[in-house]
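# Examination of the molecular architecture
One letter stands for each residue in the lines below.
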Amino acid sequence: VKHVTTVIIILFALVMLGFAMQRGLIATPTLEQILYLVQMVLGWTAWTCLVALAYAGLEKLFPDILCAPHAEDPPAPNS
Amino acid sequence: MESFTGELAFMAASAGKAFIILMDPVRLMYLGAGCMMGLVLGIIPGIGGLAGTAMLLPFTFNMDPYTAFALLLGLGSTTATGDPIPAILFGVPGGAASAATVLDGFPMAKKGEAGRALSAAYMSSLMGGVFGAFLMFISIPVLRPIMLFLGSPELLAFSVLGISMVAVLSGSAPLRGMTAGCFGIMIAMVGTDPQSGTLRWTFDSLYLWDGLPLTPLLLGVFALPELCDLLISRTAIAADTSVGNIYKGQLQGMKDCFQNWWLIVRCSWIGGGIGSIPGISASVVDWLAYGHALKTEKGANLTFGKGDVRGVIASESANNAKEGGALLPTVAFGVPGSATMAILLGAFLIHGLVPGPDMLTKNLNITYAMVWSIALANILGAGMCYAFSPQFAKLSVVRFSLILPAVLGIIYIGAFEATRQWGDLYSLLAFGLLGWIMKQFKWPRPPLILGVVLGDTIERYLFISVERYGLSWLGRPVVAILLTIAIIGLTRPFLQDIRIHGGLKKMLTNFQAPRFDPSQLFTIFMIGIIGAMVLMSLRWDFSAKIVPLVVGTVALLAAGTSLFNDMCRKPETAMGGLVDQAIQEVEQKLGQANKADEKIHMDLSSDTAHLPTSVIIKRAARFFGYLLVFMAVMAVVGLIPTVAVFVVFFMRYENNERWSLVIPYAVILLVSISFVFDYVMSIPWPPTLIGQLFPTLKFIPSL
């Protein structure tokens with residue numbers, strides 16, 4: 001059943017995309033647009049990795065501040 | 001007779017035209033998107049339909065009203081459809097509207113009938129929601145001829161009636177509600193006075209000349225406090241996530257609904273009817289319907305509370321029907337039926353629509369499109385729930401460290417869309433803090449928004465009425481009736497208090513020596529702020545200061561009395577509200593202990609009471625610290641790069657998430673924000689320091 005719903009979701013998304021393209025709401029992507037998308041993904045991945053590296057470095061430098069375990073809270077009454 | 005037939009034909013034509021307009025694939029897509037968001041927000045812990053509607057509002061600026069309301073009502077109508085999922089599966093209501101569903105839904109899930117209970121909840125939600133829309137549909141022909149005879153004085157009286165609803169919207173705290181409502185009216189008057197050109201409370205800031213924009217205010221008051229509480233409680237639903245086979249028994253659940261169709265009709269009437277009475281919707285409707293089913297259904301005394309499907313059907317059909325009911329006074333009179341409707345009233349203003357006669361005459365198409373939107377949203381929402389229950393169930397247990405960074409980024413973008421100035425972000429922060437403090441100290445927030453939304457209207461109609469009719473407008477019959485109802489509405493809580501205390505004399509002697517509580521500091525702060533505003537207004541022209549002075553004085557009186565009550569009134573456990581009575585009745589019938597030891601609070605309450613105050617303050621300070629740092633980093637490198645910094649820092653520091661989750665999550669978020677807001681919507685971003693120093697880098701989105 002789980003797989004069926006996953007397939008339904010994917011099919012639904014594809015049908016919507018196809019419909020939107022057919023109606024001209026989303027034009028078939030040009031090479032330029034695909035390149036823009038690739039650049040965007042690569043660019044943001046690089047930026048995120050840079051930030052992650054910087055933060056990992058800070059974690060090494062200040063483990064007492066940044067890696068200190070958080071105290072356990074008392075359980076909420078509704079849980 | 002002929003004119004009546006003509007009227008009906010005109011309305012039928014408008015309804016048909018509205019249906020055709022709404023059937024446009026693009027609008028249907030937005031409606032579907034709204035439904036999906038409504039379901040998701042209804043299920044995700046910590047963010048409800050109220051915050052969701054506020055978050056969505058700024059992104060409807062460029063849409064036509066049909067599309068905008070399809071999106072907003074799609075979201076608003078389906079939040080209650082998603083609510084029963086956590087209520088039935090984990091025993092934790094997704095929102096106030098499904099609190100009664102837990103009583104029978106959760107025991108059913110424990111008995112292995114989760115699929116049946118969910119199916120019954122979806123189907124009854126669908127039927128109730130469609131019934132609510134139908135109720136609005138048939139009310140329009142009745143209201144239309146009446147609305148055509150209303151002039152400015154009557155519209156002013158309706159607005160005053162709307163404001164008087166603060167007493168109802170405020171539940172257990174009418175004085176605080178009145179203070180908040182009056183403060184809201186004063187906020188609405190910030191900026192240039194249209195009559196005299198006087199600058200009111202602008203503090204020499206150019207940003208405030210046009211008044212405070214509604215969007216950052218709404219996002220601050222309703223969305224940020226939810227996020228702050230999410231960080232403070234640091235938790236999703238701590239529950240067993242192995243929910244079993246949700247699909248088993250779904251057919252039986254549907255059959256149950258059709259077998260109990262008469263119960264659905266009755267409870268939908270209760271939902272739609274109560275929903276149309278401003279102020280007493282979400283928290284009370286499900287309890288009243290549940291109580292009704294308990295009293296009228298055969299054998300209910302023996303089976304309700306132990307897993308009877310009729311209990312689920314009763315509460316779920318009523319809470320979906322209330323949306324159609326609540327929309328009716330909002331559209332027809334500009335008097336919002338609930339807090340969500342108060343936000344929707346903001347959407348009316350943003351799209352240049354004036355609630356009242358116009359909505360039933362020249363904008364009748366839009367009104368009917370709203371009716372269709374609610375009906376279709378309920379059908380779509382229930383369909384989606386049937387198809388994707390297991391996926392939605394997983395949303396109930398999403399961690400705060402995943403929800404908060406994504407939502408915060410969208411809130412910043414939404415707030416900046418108001419006037420595209422940094423002032424929007426400062427307003428967001430200031431009202432976020434105000435909203436959170438109000439939520440913590442149980443000050444009702446809906447009256448504040450009601451005041452902001454209706455403040456301008458009241459002042460405008462008052463001047464038109466006085467200019468046109470002098471003081472004779474006060475004698476017009478409709479005005480007199482409405483103002484009387486407004487006065488009764490405002491005084492009802494006090495009269496109720498007197499009744500509960502067994503007379504005025506006993507009430508006035510029920511005092512003790514003053515005692516201090518930290519929550520009183522906020523009341524003192526409000527008195528200080530409002531007092532300062534009143535003092536400043538004394539210097540203005542007569543026409544500019546009359547309304548602020550009157551409203552400010554009422555606010556000071558209400559806040560002062562509230563403070564006196566808090567300090568000197570003896571503690572009590574008395575109840576009197578409609579909700580309390582309904583809950584009490586249900587609990588007595590079920591033989592449960594009386595848990596309703598205090599009056600109901602008609603706003604979302606903080607779920608952080610189990611934590612020590614020092615922890616709450618520390619985490620709240622950290623949350624608002626994050627917001628400040630976010631803004632500072634944003635001013636240097638731009639909004640989208642800041643999201644990456646925030647995601648990495650927040651997920652690692654707050655919940656020690658693994659890197660293999662943090663990095664893909666951040667990248668997906670950045671790409672989605674870039675694509676939707678920069679590429680598709682071409683949102684202009686706030687200027688940044690790096691962008692000004694190195695203009696060649698401006699190809700990077702948001703820099």
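That block above? That's the structure.
Just so you know, these numbers come straight off a predicted model, no measurement behind them.

### Observations concerning the state of the cysteines
All names here are of chain B. Tallying each qualifying case throughout the model produces 0 disulfides over all chains. Sulfur of Cys 385: no disulfide; nearest cysteine sulfur belongs to Cys 35 and is 9.8 Å away. According to the relative accessible area criterion, Cys 385 is buried, its value standing at 0%.

### Side note on the packing of aromatic side chains
Any aromatic ring pair is given by two values, namely how distant the centres are and how the planes are angled relative to each other. Under the defined criterion, the tally for this structure stands at 28 aromatic pairs over all chains. Note on Tyr55(A) and Trp659(B): the rings are 6.4 Å apart at their centroids and 65° apart in plane angle, and the pair reads as edge-to-face. Within this pair, whereas Tyr55(A) is found in helix H2 (residues 31-61), its partner Trp659(B) is found in helix H30 (residues 659-680), the two belonging to separate chains. According to the relative accessible area criterion, Tyr55(A) is buried, its value standing at 5%. Trp659(B) sits in the partly exposed class, given a relative accessible area of 25%. One aromatic cluster is present, formed by Tyr55(A), Phe400(B), Tyr412(B), Tyr626(B), Phe630(B), Phe646(B), Phe649(B), Phe650(B), Tyr653(B) and Trp659(B) through successive ring pairs. Here the basic side chain of Arg460(B) rests over the ring of Tyr461(B), its NZ or CZ set 5.5 Å away from the ring centre. Across the ring face of Tyr469(B), the terminal group of Arg476(B) is positioned such that the distance to the ring centre comes to 4.8 Å.

### Examining helix H29 (residues 639-655) of chain B
Between its terminal C-alpha atoms H29(B) stretches 23 Å, which fits the 24 Å expected from 17 residues at 1.5 Å a residue. Count one or two residues on from H29(B) and you reach Asn656(B), which has phi positive near 50°.

### With respect to the packing of helix H4 (residues 65-82) of chain B against helix H16 (residues 309-333) of chain B
Residues and elements named next belong to chain B. Two numbers describe how H4 lies on H16: the axes approach to 8 Å, and their chain directions differ by 155°. Compared by their axis directions, H4 and H16 come out roughly antiparallel. Note that H4 runs across H16; the crossing there is right-handed. For the pair formed by H4 and H16, the contact residues are Leu 73, Gly 76, Ser 77, Ala 80 and Thr 81 on the first element and Glu 316, Asn 319, Asn 320, Glu 323 and Leu 327 on the second.

Conventions used here
- Counting of residues starts from 1 at the beginning of each chain's written sequence and follows it residue by residue.
- Chains carry letters from A onward and ligands carry numbers from 1 onward, assigned in written order.
- Given that this is a predicted model, residues contribute local features only at a pLDDT of at least 70 and side-chain atom pairs are listed and counted only at 80 or more, while totals for whole chains, interfaces and linings are drawn from all residues.
- Where side-chain values are given, they derive from all heavy atoms of the structure, hydrogens and water being excluded.
- Throughout, a disulfide means two cysteine sulfur atoms within 2.5 Å of one another.
- A 1.4 Å probe rolled over the protein chains alone gives each residue an accessible area, and that area as a share of the maximum for its type sets the label: buried under 20%, exposed over 50%, partly exposed in between.
- Two rings belonging to Phe, Tyr or Trp (six-membered ring only in the last case) form a pair when the distance between their centres is within 6.5 Å. Interplanar angles under 30 degrees mark stacking, angles over 60 mark edge-to-face geometry, and anything in between is tilted.
- We count a stretch as a helix when DSSP gives it H or I for four or more residues in a row; a strand needs E for two or more, and each element gets its number in order from the N terminus.
- For a lysine, the NZ atom is tested; for an arginine, the CZ atom; a charge sits over a ring if that atom is within 6 Å of the ring centre and within 35 degrees of the ring normal.
- In this scheme, a helix's expected span is set at 1.5 Å multiplied by one less than its residue total.
- Every axis in this analysis is a line fitted to C-alpha atoms, fitted for helices over the stretch in contact. Angles between the N-to-C directions lie between 0 and 180 degrees.
- The labels follow the angle: roughly parallel below 35 degrees, roughly antiparallel above 145, roughly perpendicular from 65 to 115, and oblique for the rest.
- We call a crossing left-handed when the near helix sits turned anticlockwise from the far one by less than a right angle, and right-handed when that turn is clockwise.
- Two residues qualify as a contact provided that any one of their heavy atoms is within 4.5 Å of a heavy atom in the partner residue.

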